[in-house]
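Single-letter residue listing:
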Amino acid sequence: MIRPIVLLMGEHRTSAYVYHAIRNLGVTHVIQEDGPSEHRPASIRHWLTHVYVRLVSPVMRLSSRARIQELKRRYPLNDEPIPFHHTLRVTSLNDMKTMMWLDRLDPQLIVIHEAGPIDPSVLARFDCPVLTVKPTMAEGQLEAYWAFRAKPDVCEVRIEQWTERGWSVVDRSLLYIGGTDNFATYPYLQLTTGLPLLRHQIELLLKEEVYDRRTAK
């Protein structure tokens, strides 16, 4: 019996893109926690910047519609709703209901996207590989703010895997910012660059598991 891939996520508007980008690799269930992902800026200055970015992004989305459509076509990105029969709702990814579902599903791989902080003791219970995309959108838009201010043309997206020592980077790529890019286009830059990296890492892990099963027989 083939074990499933499970996507753990918060209520973020970009999570549908991630689901559709990897679903044909074996994603059978999405466990979604209530509310948006939690972000705690490290300082008052970063908090004010976060508020500013959040307020101006809707206006920027209107003025950047052509650029956003261009980026959506580049991958391409699919934002159709996640099928409701694939979604399991929980209050928090740290609660026992989440553990119950994961024990029942027995996934071969877990992918985390834009979720609130998950306790290390919870992550330690998973007996399969766990991948995530970093930075979170909120953190990434703060990085983009400073990048736009300082005028360099790059940010970064990383694929990280949970280990006994914490999160470890397994792949990374620079995001090349064009002249018309801004805080509203940043999420799409991150997705079009990060999703191919995520698919590649999932494919590598799936090949490793197939190899392990064959050698175990």
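The structure we're discussing is the one just above.
Bear in mind that the values here come from a model prediction, so they are computed numbers and not experimental data.

Caption draft 1: A look at helix α4 (residues 96-105). Among the residues making up α4, those that are buried are Thr98, Met99, Trp101, Leu102 and Leu105. Buried residues along α4 cover an arc of 165 degrees about the axis, so they all sit on one side. Pointing more than 90 degrees away from the buried face of α4 are the exposed residues Met96, Asp103 and Arg104. Here the buried face of α4 lies against β1 (5-9), β2 (27-33), β3 (87-90), β4 (109-113) and α5 (120-123). Residue Asp95 occupies the N-cap position of α4, its side-chain oxygen lying 3.2 Å from the main-chain nitrogen of Lys97. Just downstream of α4 lies Asp106, where phi reads positive at about 50 degrees.

Caption draft 2: Molecular detail of the side chain of Thr136. Here Thr136 is to be found in the loop between β5 (130-134) and α6 (137-150). Side chain to side chain, Thr136 and Glu139 meet in a polar contact 3.1 Å long.

Caption draft 3: Just a nonpolar patch on the surface, in detail. On the surface, Ile44, Trp47 and Leu48 cluster together to form a nonpolar patch covering roughly 350 Å² of accessible area. Tracing the backbone shows Trp47 in helix α2 (residues 44-63). Note on Trp47: relative accessible area 45%, which makes it partly exposed.

Caption draft 4: Unusual backbone geometry, seen in detail. With an omega dihedral of -5 degrees, the bond running from Tyr75 to Pro76 counts as a cis peptide bond. Take Pro76: it is sitting in the loop between α3 (65-74) and β3. Of note, the bond from Lys134 into Pro135 is cis; its omega dihedral lies within 30 degrees of zero at -5 degrees. Mapped onto the fold, Pro135 is located in the loop between β5 and α6. Its identity as a non-glycine residue notwithstanding, Asp106 has a phi of 50 degrees, on the positive side. With phi around 50 degrees, Glu114 is a residue other than glycine that occupies positive phi space. Position of Glu114 relative to the elements: it lies in the loop between β4 and α5. On the basis of relative accessibility, which here comes to 4%, the residue Glu114 falls in the buried class.

Caption draft 5: Region of the structure containing the sheet that holds β3. In space, the 7 strands of this open sheet follow the order β3-β2-β1-β4-β5-β6-β7, with mixed pairing throughout. Because the sheet does not close on itself, it has two edges, and the strands there are β3 and β7 (166-176). Across the sheet, the axes of successive neighbouring strands diverge by a mean angle of 20 degrees, strand direction being ignored. Examined bridge by bridge, strand β6 (residues 154-163) and β7 share 10 bridges and lie antiparallel to one another. The partner of Cys155 across the bridge, within β7, is Leu175.

Caption draft 6: Examining the environment of Lys72 more closely. Turning to its location among the elements, Lys72 is positioned in helix α3. Measuring from C-alpha to C-alpha, the distance between Lys72 and Val154 comes to 19 Å, with 82 residues separating the pair along the chain.

Caption draft 7: Summary view of the nonpolar core. Membership of the largest hydrophobic core comes to 43 residues, with the highest contact counts inside it found for Ile5, Leu7, Ile22, Val111, Leu198 and Ile202. Those residues in contact with Leu7, other than ones at most four positions away along the chain, are Val18, Tyr19, Val27, His29, Val30, Ile31, Val111 and His113. Counting residues in each nonpolar core, the second largest holds 19 residues, with Leu93, Leu102, Ile112 and Phe126 among its members.

About the cut-offs
Residues numbered from 1 in each chain as written. Predicted model: local features only at pLDDT ≥ 70, side-chain atom pairs only at ≥ 80, totals over all residues. Heavy atoms only, no water. Buried < 20%, exposed > 50% of the residue type's maximum accessible area, 1.4 Å probe, protein only. Helix = DSSP H or I, 4+ residues; strand = E, 2+ residues; numbered from the N terminus. Arc of directions from axis to C-beta. Contact = heavy atoms within 4.5 Å. Polar contact = N/O pair within 3.5 Å; in protein donor to acceptor, adjacent residues only side chain to side chain. Patch = residues over 30% accessible without salt bridge, like charges linked within 9 Å, V, L, I, M, F, W, Y side chains within 5 Å. Areas by Shrake-Rupley, 256 points an atom, 1.4 Å probe, with all protein chains shown as cover. Salt bridge = Lys/Arg side-chain N within 4 Å of Asp/Glu carboxyl O. Pairing = 2+ DSSP bridges. Axes fitted to C-alpha atoms, helices over the stretch in contact; angles between N-to-C directions. Core = buried A, V, L, I, M, F, W, Y, C linked by side-chain atoms within 4.5 Å.

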